[in-house]
Amino acid sequence: MPTNIEIKARVDSIERLLPVIVSLADGEPEHVIQDDTFFSCPDGRLKLRSLSDDHGVLIYYRRTDQPGPKPSFYVHSETSDPDGLRSVLVQAYGEHGRVRKRRAIFRIGQTRVHLDEVDGLGEFLELEVPIADGIESDTAANEAHRLIAEFGIEDSARIDGAYLDLLRAANDTPPKP
């Protein structure tokens, strides 16, 4: 199963971070709008990410909820009918929640840097450092720490869970079984 080392943090201003990230990035960012629907899943998380009317990605992943660098194991499958697949999955598993965001994706070496504007939550930075091509977990975690420090992100800004967890907490909604 593919694996990333991830760090997610709340930021006061994406605009403040942009000059530093742009100076380190390998090129222009990719801009995407993501509509993630989460489904009940006993061991990990299952979400359908709609990127357009005819492109979506079903993603299963497992990761611990901790604020520092953490491994995230995932598999995914693409679909040309995200609305139809969502309908089937909601009937089969129930909708656990939904997260909508605008994301700018930069690359710095192997690292994917996401600048997220999440509806109902605010602005965030997420790093994904892949563990692949001879990159060990410790090396990936060190790279994540280096970039977080270079971006000026304080340890207290790091978050441990998913955006869905933050939305539920903000709305004081208990998790569905």
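Residues numbered from 1 in each chain as written. Predicted model: local features only at pLDDT ≥ 70, side-chain atom pairs only at ≥ 80, totals over all residues. Heavy atoms only, no water.

Looking at the element boundaries, Arg 86 is found in helix α2 (residues 82-93). Residue classification places Arg 86 among the buried positions, given a relative accessible area of 9%. One polar contact links Arg 86 to Thr 37, side chain to side chain, over a distance of 2.9 Å. Apart from the residues lying within four places of it in its own chain, the contact partners of Arg 86 are Asp 35, Thr 37, Phe 39, Leu 48, Ser 50 and Arg 98. (Helix = DSSP H or I, 4+ residues; strand = E, 2+ residues; numbered from the N terminus. Buried < 20%, exposed > 50% of the residue type's maximum accessible area, 1.4 Å probe, protein only. Polar contact = N/O pair within 3.5 Å; in protein donor to acceptor, adjacent residues only side chain to side chain. Contact = heavy atoms within 4.5 Å.)

Moving on to the packing of aromatic side chains. With the rule as written, the count across this model stands at one aromatic pair. Residue placement shows Lys 8 over the ring face of Tyr 163; its charged tip is 4.0 Å from the ring centre. (Phe/Tyr/Trp six-rings, centres within 6.5 Å; stacked < 30°, edge-to-face > 60°. Lys NZ or Arg CZ within 6 Å of the ring centre and 35° of its normal.)

Okay, α2 next. With 12 residues, α2 should reach 16 Å at 1.5 Å per residue; the first-to-last C-alpha distance of 16 Å fits that figure. Residues of α2 that are buried include every one of Pro 82, Arg 86 and Leu 89, and no others. Taken down its axis, α2 places every buried residue within 70° of arc, on the same side. Among the exposed residues of α2, those pointing more than 90 degrees away from its buried face are Val 88, Gln 91 and Ala 92. Gly 94, located one to two residues past α2, shows a positive phi value of around 85°. (Expected span 1.5 Å × (residues − 1). Arc of directions from axis to C-beta.)

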